[in-house]
Amino acid sequence: MKRSARITCQALISLLFAQAPALAAAGFPACEWAIDAPDQHHVQRGDTLWGIASLFLNNPWCWPQVWEGNRDQIRNPHWIYPGQLILLDKARGVLRADQSDVDGYRLERLSPSARALSAERTRVPVISEHLLNMLSRTRLLDARQLESTPRIIGIAENKTLAAVGDAVVVRGELESASRFDVIRPSMPITDPGSTKILGVAGRKIGRVDLVSRGTLSHRFLVTASEAELQSGDLLVPMAEPVSSPVSIHPSEAPPGQLAAILHEGRWAGPNDLVVINRGANHGLTIGSVARVTRHVRIRADESLQPNHLAEEVQDVALLLVLGIADPMSVAVVIRSRDTVTVGDNVLPP
């Protein structure tokens, strides 16, 4: 687990170095201190590397360029823990971590030496736990899956709703799985360009275990539920817990569009989940970073008539892909200068 955390941080730092010039050229803020940047920040549980960088910089991707020692000392951000103090040296224009005191432990550099750390002191993650929990409750099912996905067709004892301890009757092909997540479809996902139905987005509302397998129908026991189960709810094999990407990299997918906003409302901003009409078959992988652009019409000269407007393409947000379900994927808005909506263009950064 520690090795995975180190890989995650190293991948983020590598991406920051590679992407800062391109993002600045694309219209995102250059490496400048935020106007209200604090003199210091005490790292708290729940902080993320992205969030800490955003406190000090207009463009968080520039974190490595202002870290004290730059590339020679870039190992330091890999070892940021709750309890450490991040200091802004405005005179020198650098950030550094106060290594003198972390959670009450006096740190010394000894060589050679071994150091024992409390298992509870985990490194600061790239993606917040809250966001990963939101993603774990969201599932995308493509159109082909919908045709074959098992679904609840009835509740035992003539009930209309089921909770933990109740039995449900399911119809559909189970294959070899015996434990399933129960998904309730919440919205269809439509390709903005072709208007073709790509699939549905659903919310995980429970879990069921197989009791008996039949020819046409099967009996399950409800073992967990966040809402009462009902006929029509879908069963998908139990998913592994969602974790932070171990590799963050520029998207290599061809241009696409935002196909859905995964909450009620038409607009999405930072930390909101969205659906892209591109997936693994287009070159997207978990950890891909893409930018959102929008065509806007502006009046270049106030003396021009309202119908004489120039069209301009503006960068409005960055997305980080966290889940793939061909031919679509789910991503989080990690930075935006404006809200995004269905139909906005998605391009490599």
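Residues numbered from 1 in each chain as written. Predicted model: local features only at pLDDT ≥ 70, side-chain atom pairs only at ≥ 80, totals over all residues. Heavy atoms only, no water.

Further remarks concern the overall build of the protein chain. Along its length, the protein chain carries five helices and 19 strands. In the protein chain, which comprises 349 residues, the share counted as buried stands at 42%. In the protein chain, once contacts between residues fewer than 6 apart in sequence are set aside, the share between residues at least 24 apart is 68%. (Helix = DSSP H or I, 4+ residues; strand = E, 2+ residues; numbered from the N terminus. Buried < 20%, exposed > 50% of the residue type's maximum accessible area, 1.4 Å probe, protein only. Contact = heavy atoms within 4.5 Å.)

Turning to the confidence of the model for the protein chain, a few remarks are in order. Averaged over all residues, the pLDDT of the protein chain is 79; the fraction at 70 or higher stands at 73%. Across residues 1-29 the pLDDT falls below 50, and counting only partners more than four positions away or on other chains, this stretch makes 57 contacts in the model. Confidence drops under a pLDDT of 50 for residues 102-108, and excluding neighbours within four residues, the segment shows 13 contacts in the predicted structure. (pLDDT = per-residue confidence, 0-100.)

With that out of the way, let us pick up the pattern of salt bridges. Within the structure shown, the criterion is met by eight salt bridges. In this structure, arginine 291 engages aspartate 315 in a salt bridge whose closest nitrogen and oxygen atoms are separated by 2.7 Å. With arginine 291 in strand S16 (residues 288-298) and aspartate 315 in strand S17 (residues 310-325), the pair connects residues that are 24 residues apart, well separated along the chain. For aspartate 338, the salt bridge goes to arginine 294, with nearest N and O atoms at 3.3 Å. Of this pair, aspartate 338 sits in the loop between strand S18 (328-336) and strand S19 (345-347) while arginine 294 sits in strand S16, and the two are 44 residues apart along the sequence. (Salt bridge = Lys/Arg side-chain N within 4 Å of Asp/Glu carboxyl O.)

On to the nonpolar core, then. By size, the foremost hydrophobic cluster in this structure holds 23 residues, and its most contacted members are Leu140, Ile189, Leu273, Val275, Leu320 and Val332. Mapped onto this core, the elements with two or more residues apiece are helix H4 (129-136), strand S10 (197-212), strand S14 (256-261), strand S15 (273-276), S17 and S18. Sequence-distant contacts of leucine 320, defined by excluding residues within four places in its chain, comprise Ile127, Pro245, Ile248, Gly287, Ser288, Val289, Ala331, Val332 and Ile334. In this structure, Leu284, Ala317, Val321 and Ala331 belong to the second largest nonpolar core, which totals 17 residues. (Core = buried A, V, L, I, M, F, W, Y, C linked by side-chain atoms within 4.5 Å.)

Tracing the backbone shows leucine 55 in helix H2 (residues 49-56). Taking the C-alpha atoms as reference, leucine 55 lies 9.0 Å from tryptophan 33; in sequence the two are 22 residues apart. In contact with leucine 55, other than residues within four places in its own chain, are Ala34, Ala37, Pro38 and His41.

Let's shift gears to empty space enclosed by the protein. This structure, assessed with the given rule, holds two cavities of 30 Å³ or more. Around the second largest cavity, the lining residues are Ser251, Ala253, Pro254, Pro255, Gly256, Ile276, Arg278, Leu284, Ala290, Val346, Leu347 and Pro348. (1 Å grid on protein atoms, 1.4 Å probe; cavity = no way out; pocket = protein on both sides within 12 Å on 5 of 7 lines; lining within 4 Å. Points joined across faces, edges and corners; volume = space filled by probe spheres on them.)

What follows is about the sheet that holds strand S1 (residues 40-42). Spatially, the three strands line up as an open sheet ordered S1-S2-S3, and their pairing is antiparallel. Single-partner strands in this sheet number two, and they are S1 and strand S3 (94-98). Ignoring strand direction, the axes of neighbouring strands in this sheet form an average angle of 20°. Here strand S2 (residues 85-89) runs beside S3; their pairing, made up of five bridges, is antiparallel. Residue pairing across strands places isoleucine 86 opposite alanine 97, the latter belonging to S3. (Pairing = 2+ DSSP bridges. Axes fitted to C-alpha atoms, helices over the stretch in contact; angles between N-to-C directions.)

Bridge count for strand S6 (residues 138-142) against S10 is five bridges, and the pairing is antiparallel. Bridging across to S10, aspartate 142 finds its partner in glycine 199. Sheet topology places strand S9 (residues 179-190) next to S10; 11 bridges connect them, and they run antiparallel. Paired with valine 182 across the two strands is glycine 206, which belongs to S10. Turn length for the S9-S10 hairpin, with the two strands adjacent in sequence and antiparallel, is six residues, and the turn residue threonine 195 shows positive phi of about 60°.

On to the environment of glycine 214, then. Relative to the helices and strands, glycine 214 resides in the loop between S10 and strand S11 (217-225). With 43 residues separating them along the chain, glycine 214 and arginine 171 place their C-alpha atoms 9.1 Å apart.

Moving on: H2. Residues spaced three or four apart along an α-helix face the same direction, because each turn holds 3.6 residues. Buried residues of H2: Leu49, Trp50, Ile52, Ala53 and Phe56, and no others. Viewed along the axis of H2, the buried residues span an arc of 165°, placing them on a single side of the element. (Arc of directions from axis to C-beta.)

The next point concerns the pairing of strand S8 (residues 167-171). Bridge analysis of strand S7 (residues 151-155) against S8 gives four bridges, and the strand direction is antiparallel. Within S8, the position partnered with isoleucine 155 by the bridge is valine 168. Two strands pair when backbone bridges link them, and S8 and S11 are joined in this way by five bridges, in the antiparallel orientation. Across the sheet, the residue bridging to valine 170 is histidine 218, located in S11.

Along H4, the positions that sit buried rather than exposed are Leu131, Leu132 and Leu135. For H4, the arc enclosing every buried residue in end-on projection is 100°, short of the 170-degree limit, so these residues lie on one face. Residues of H4 that are exposed and point more than 90 degrees away from the buried face comprise Glu129 and His130.

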